[in-house]
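Here is what each chain is made of, one letter per residue.
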Amino acid sequence: MTGSVECYGKNTKLREQVNLDMVADCIDVKKSKDREQIQEIEKMHALMKKYKLDGQFHWITAQTIRARNGELYRHIADTKGAFLQPAFYEASRLTVVQAMTCGLHLRLSRYTRKIYSERLTT
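None of the values given here were measured: they were computed from a predicted structure. (Residues numbered from 1 in each chain as written. Predicted model: local features only at pLDDT ≥ 70, side-chain atom pairs only at ≥ 80, totals over all residues. Heavy atoms only, no water.)

Quick rundown of the pattern of salt bridges? Include the residues and the values.
Under the counting rule described, the total for this entry stands at one salt bridge. Residue K10 pairs with E6 through a salt bridge whose shortest N-O separation is 3.9 Å. Of this pair, K10 and E6 both sit in helix α1 (residues 2–10), four residues apart, roughly one helical turn. On the accessibility criterion, K10 (57% relative accessible area) is exposed. Note on E6: relative accessible area 22%, which makes it partly exposed. (Salt bridge = Lys/Arg side-chain N within 4 Å of Asp/Glu carboxyl O. Helix = DSSP H or I, 4+ residues; strand = E, 2+ residues; numbered from the N terminus. Buried < 20%, exposed > 50% of the residue type's maximum accessible area, 1.4 Å probe, protein only.)

This is the structure we're talking about:
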């Protein structure tokens, strides 16, 4: 995940076009007991500071209440966001994050509340 954030931080053209919204199970070192996870959280905070990502990058704790997920995704789209959550590609055994780091393109679309409403009514 930190690799994707670093790539995003370095790419000014991408930063002008979209915000990056990332979901993780834990974003606070005080709530983690895993040494590797703590190191990644600290690295993420350092990247956020290094690239001055305030307002362009949102690091969100994973939702445990499924009913909130739809609203979360709509908010991300409404705020010009690109959503990133680690998941495995079965064919390549890469995570989405690794695939992006390796240069595979992930299609980003704007899914606004208006489009959602129109699709819902049709």
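I'd love a proper account of helix α4 (residues 67–78), names of residues and values included.
Because an α-helix completes one turn every 3.6 residues, residues spaced three or four positions apart along the sequence face the same direction. Those residues of α4 not exposed but buried are L72, R74, I76 and A77. Looking one or two places after α4, you find K80, whose phi comes out positive at around 60°.

I'd like a rundown of the confidence of the model for the protein, residues and numbers included.
Looking at the protein as a whole, its pLDDT mean stands at 75, while 70% of the residues score no less than 70. Mean pLDDT across the elements of the protein bottoms out in strand β4 (residues 88–89) (45) and peaks in helix α3 (residues 35–50) (94). (pLDDT = per-residue confidence, 0-100.)

Give a description of the pairing of strand β1 (residues 19–24) that names residues and reports values.
Where a strand is regular, its side chains alternate between the two sheet faces. Within β1, six of the six residues are buried, leaving the element largely enclosed by the surrounding structure. Examined bridge by bridge, β1 and strand β3 (residues 81–84) share four bridges and lie parallel to one another. Residue pairing in the sheet places L20 in a bridge with A82 of β3. As paired elements, β1 and strand β2 (residues 57–61) share five bridges and run parallel to each other. Within β2, the residue paired with L20 across the bridge is F57. Assessed by its sense of winding, the connection that carries the chain from β1 through α3 to β2 is right-handed. (Pairing = 2+ DSSP bridges. Right-handed = clockwise from strand over helix to strand, strands pointing away.)

Describe the nonpolar core, and please don't skip the residues or the numbers.
Grouped together as the largest cluster of nonpolar side chains are 16 residues, with contacts concentrated most on V5, L20, M22, M44, L53, F57 and W59. Of all the secondary-structure elements, those providing two or more residues to this core are α1, β1, α3, β2 and β3. (Core = buried A, V, L, I, M, F, W, Y, C linked by side-chain atoms within 4.5 Å.)

An account of the sheet that holds β3 is needed here, citing residue identities and associated values.
Strands sit in the order β2-β1-β3 across an open sheet of three strands; the sheet is parallel. Every other strand in the sheet has two partners, leaving β2 and β3 as the edge strands with one partner each. Neighbouring strand axes in the sheet, compared pairwise and without regard to direction, differ in orientation by 20° on average. Across the sheet, α1 is in contact with β1, β2 and β3; its angle to β1 comes to roughly 170°. Strands in contact with α4 are β1, β2 and β3; relative to β3, the strand with the most contacts, it is inclined by about 135°. (Axes fitted to C-alpha atoms, helices over the stretch in contact; angles between N-to-C directions. Contact = heavy atoms within 4.5 Å.)

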